[in-house]
Amino acid sequence: MAPALRPLARPRPPGMLLRAPLFLLLASCVPGVWCFSELFFMNEPQDVTVTRKDPVVLDCQAHGEVPTKVTWLKNGAKVSENKRIQVLSNGSLYISEVEGKRGEQSDEGFYQCLAMNKYGAILSQKAHLTLSSKCV
């Protein structure tokens, strides 16, 4: 009877994310040789419900070779920064006072962060920002 085969890796608990290395990291790059660096999300935005006029932070933290630039999309279009909407130094999106007007002025929608460095870009999962009614 042949001996039972044992797995090479120990089993992981259910629900644990498997992050397969999708990169080749070289200490020094030689001209004419492809060099890749990892780029992945440490935190991605999550669905959130917020009341009109309240502040909100949508998390997004990407890790990779610097410089890493994070931009935000709302319903697929680039979010413009202004005095009310800012991308924080860690990549998260801060809205100081959520607007709830119908039409283009509403902050309600699906948000994604796009992280880029010189090796490529990754797009986060969608997070739905929903406006709730304030009950008195």
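A short tour of the structure in this document, coming up. Keep in mind it's a predicted model, so treat the numbers as computed, not measured. (Residues numbered from 1 in each chain as written. Predicted model: local features only at pLDDT ≥ 70, side-chain atom pairs only at ≥ 80, totals over all residues. Heavy atoms only, no water.)

### Quick look at the overall build of the chain
Line of reasoning, step 1. Each helix and strand counted, the chain has zero helices and 11 strands in total.
Line of reasoning, step 2. Element order for the chain, N to C, with α for helix and β for strand: β-β-β-β-β-β-β-β-β-β-β.
Line of reasoning, step 3. Per-residue burial for the chain yields a buried fraction of 26% across its 136 residues.
Line of reasoning, step 4. Total accessible area on the chain is roughly 10,200 Å²; 57% of this is exposed by carbon and sulfur atoms. (Helix = DSSP H or I, 4+ residues; strand = E, 2+ residues; numbered from the N terminus. Buried < 20%, exposed > 50% of the residue type's maximum accessible area, 1.4 Å probe, protein only. Areas by Shrake-Rupley, 256 points an atom, 1.4 Å probe, with all protein chains shown as cover.)

### Here we look at the sheet that holds strand S7 (residues 85–87)
Line of reasoning, step 1. Here three strands make up an open sheet; going across it, the order is S3-S8-S7 and the pairing antiparallel. Only two strands of the sheet have a single partner each, and these edge strands are strand S3 (56–58) and S7. Geometrically, the sheet is characterised by an average inter-axis angle of 20° between neighbouring strands, direction not taken into account.
Line of reasoning, step 2. With three bridges connecting them, S7 and strand S8 (residues 93–95) associate as antiparallel partners. (Pairing = 2+ DSSP bridges. Axes fitted to C-alpha atoms, helices over the stretch in contact; angles between N-to-C directions.)

### Things to note about the nonpolar core
Line of reasoning, step 1. One finds Trp72, Leu93, Ile95, Val98, Tyr111 and Leu129 to be the most contacted residues of the largest nonpolar core, which totals 17 residues.
Line of reasoning, step 2. Elements with a minimum of two residues in this core: S3, strand S5 (69–74), S8, strand S9 (109–117) and strand S11 (127–132).
Line of reasoning, step 3. A per-element tally of this core places S9 first, with three residues.
Line of reasoning, step 4. Non-local contacts of Leu129, meaning those with residues more than four positions away in its chain, are made with Val48, Val50, Val56, Leu58, Ile95, Val98, Asp107, Glu108, Gly109 and Tyr111. (Core = buried A, V, L, I, M, F, W, Y, C linked by side-chain atoms within 4.5 Å. Contact = heavy atoms within 4.5 Å.)

### Examining unusual backbone geometry
Line of reasoning, step 1. The omega torsion of the bond from Val66 to Pro67 falls at 5°, within 30 degrees of zero and hence cis.
Line of reasoning, step 2. Even without being a glycine, Lys53 presents a positive backbone phi close to 80°.
Line of reasoning, step 3. Among the secondary structure elements, Lys53 is positioned in the loop between strand S2 (48–51) and S3.
Line of reasoning, step 4. Of note in the backbone geometry, Asn75 takes a positive phi value of approximately 55° without being a glycine.
Line of reasoning, step 5. Structurally, Asn75 can be placed in the loop between S5 and strand S6 (77–78).

### Points about the environment of Glu99
Line of reasoning, step 1. On the secondary structure map, Glu99 appears in the loop between S8 and S9.
Line of reasoning, step 2. On a C-alpha basis, the gap between Glu99 and Arg52 in space is 5.7 Å, while along the polypeptide they are 47 residues apart.
Line of reasoning, step 3. Non-local contacts of Glu99, meaning those with residues more than four positions away in its chain, are made with Arg52, Arg84, Gln105, Ser106, Asp107 and Leu131.

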